[in-house]
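Listed here are the chains, written in short residue letters.
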Amino acid sequence: MPPVFAHGRLRLYLLKLLDEAPRHGYEVIRLLEERFQGLYAPSAGTVYPRLAKLESEGLVTHATEGGRKVYSITDAGRAELADRGGELADLELEIRDSVSELAAEIRADVSGAAGDLRRELRAAASASATQVEDESWKAAKEELRKAKAEWKEQARRAKDESRRAREEAQQARRQAKEAQERAREEVQRIAGQLQEQFAKSGGVLGSLAGAWLGGSASGSGPTAPSAPSAQPAAPAPAPDPDWARDVPPTGDPARDLDRLLDRFRDDIRDAARDRGVSDEQLAQARSHLADAASRISSALGPQG
């Protein structure tokens, strides 16, 4: 029989079960058996060592209740689940496929046993062709009928579970992708508004906005510090639509937004350090950043 879980997959699924609710080890084994329609149940020697390993890594913790260890997921465990959201969706598909494979093996076993039984029955009938069919013959045929009916029902359930799992996984992927795109577009829109505010201030602040939203994308990099100029600053370049495209999505829109805001902070801070900022420009920056923070909070508020 092929392995039910690929390498490292049981560890991820244990985190998922504990994220649903705190559980003791026997309950985890029972839930896994239910997910596999009774076709597979891991042994205690498989589950308990993995729970202990997750606890040693700080991903789960336990409390003793009624003489049993009840395991709960930690914040670190939830963080790992969030980072592996796409992998978890694939795992759900793999579980449904494993159910289908186990059902196919059961079908092959039942078919082989039924074939042997038919041959034995034919041999018995041939040896006693002149005898009247007795109760044992009827019982054998009834057992064969029940075996076929049970196999058909198991195959039907496995097929339904596999289909539902594929549909749920596809929907989860679509929703995650849409959420990532919405988060990226929202940050770019707010960044464009912030650039316009910086451009109006002129001087070094206009240069900082240009370096973040235009200069860094062209690969030119920051220039050496220079004294503040009395001349009006040149218009800031238009927002770069490919800004922060190198920041890989995690599948969690809120986490992706945090990363984009970190990138914004780092770009502005580096440009300010390289060019220098006066007290007057610092006051202007504080005003514009307060305005940007208000705009971002207002934009994200209805979704929160």
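So, here's what we can say about the structure.

Reading the values: the criteria
- Residues numbered from 1 in each chain as written.
- Predicted model: local features only at pLDDT ≥ 70, side-chain atom pairs only at ≥ 80, totals over all residues.
- Heavy atoms only, no water.
- Helix = DSSP H or I, 4+ residues; strand = E, 2+ residues; numbered from the N terminus.
- Expected span 1.5 Å × (residues − 1).
- Buried < 20%, exposed > 50% of the residue type's maximum accessible area, 1.4 Å probe, protein only.
- Salt bridge = Lys/Arg side-chain N within 4 Å of Asp/Glu carboxyl O.
- Pairing = 2+ DSSP bridges.
- Contact = heavy atoms within 4.5 Å.
- Axes fitted to C-alpha atoms, helices over the stretch in contact; angles between N-to-C directions.
- Left-handed = near helix turned anticlockwise from the far one by under 90°.
- Nonpolar A, V, L, I, M, F, W, Y, C, P; charged D, E, K, R; others polar.
- Polar contact = N/O pair within 3.5 Å; in protein donor to acceptor, adjacent residues only side chain to side chain.
- Core = buried A, V, L, I, M, F, W, Y, C linked by side-chain atoms within 4.5 Å.

**Some words on helix α1 (residues 9–20)**
- Along its 12 residues, α1 runs 17 Å from first to last C-alpha, staying within 8% of the 16 Å computed at 1.5 Å per residue.
- In terms of burial, α1 is largely enclosed, as nine of its 12 residues are buried.
- Residues of α1 that are buried include every one of Arg9, Leu10, Leu12, Tyr13, Leu14, Leu15, Lys16, Leu17 and Leu18, and no others.

**A closer look at the pattern of salt bridges**
- Summed over all chains, the structure comprises 28 salt bridges.
- Of the charged contacts, one joins Lys53 and Glu57 as a salt bridge, the two residues approaching to 2.4 Å between their closest N and O atoms.
- Classification of Glu57 by relative accessible area gives partly exposed; the value is 34%.
- Of the charged contacts in the structure, one is a salt bridge between Glu87 and Arg84, with a shortest N-O distance of 2.8 Å.
- We classify Glu87 as partly exposed; its relative accessible area is 28%.
- Each member of the salt-bridge network shares a partner with another, and the members are Lys16, Glu20, Arg23, Glu27, Arg30, Glu34 and Arg35.

**Examining the sheet that holds strand β2 (residues 60–65)**
- The three strands are arranged β1-β3-β2 in an open sheet whose pairing can be described as antiparallel. Looking at which strands have only one partner, the edges of the open sheet turn out to be β1 (23–24) and β2.
- Sheet analysis places β1 next to strand β3 (residues 68–73), joined by two bridges and oriented antiparallel. Within the sheet, the bridge partner assigned to Arg23 lies in β3 and is Tyr71.
- Sheet contacts for helix α3 (residues 44–56): β2 and β3; angle to β2, the most-contacted strand, approximately 115°.

**Let's talk about the pairing of β2**
- When β2 meets β3, the two strands line up antiparallel, connected through six bridges. Residue pairing in the sheet places Glu65 in a bridge with Arg68 of β3.
- Here β2 folds back onto β3, and the loop between the two strands holds two residues, one of which, Gly66, carries a positive phi near 60°.

**Observations concerning the packing of α1 against helix α4 (residues 75–83)**
- Where α1 contacts α4, the axes come no closer than 10 Å and their chain directions differ by 120°. The two elements α1 and α4 meet at a crossing, and its hand is left-handed. Residues Arg11, Leu12, Leu15, Lys16 and Asp19 of α1 touch α4, and the partners they reach there are Gly77, Arg78, Glu80 and Leu81.
- Taken together, the residues of the contact of α1 with α4 break down into three nonpolar, one polar and five charged.

**A word on the environment of Asp246**
- With respect to the secondary-structure elements, Asp246 resides in the loop between α7 (203–218) and α8 (253–275).
- At a separation of 3.2 Å, a polar atom in the side chain of Asp246 contacts the side chain of Arg263.

**A short note on the environment of Ala183**
- By the secondary structure assignment, Ala183 is in helix α6 (residues 135–201).
- The contacts of Ala183, once residues within four sequence positions are left out, are Pro253 and Leu260.

**Let's talk about the nonpolar core**
- Ranked by internal contacts, the top residues of the largest apolar core, which has 24 residues, are Leu14, Leu15, Leu18, Val28, Leu32 and Val47.
- Among the secondary structure elements, those contributing two or more residues to this core are α1, α2 (25–35), α3, β3 and α5 (85–127).
- No other element matches α1, which puts seven residues into this core.

Remember that the coordinates give geometry; whether it matters functionally is a separate question.
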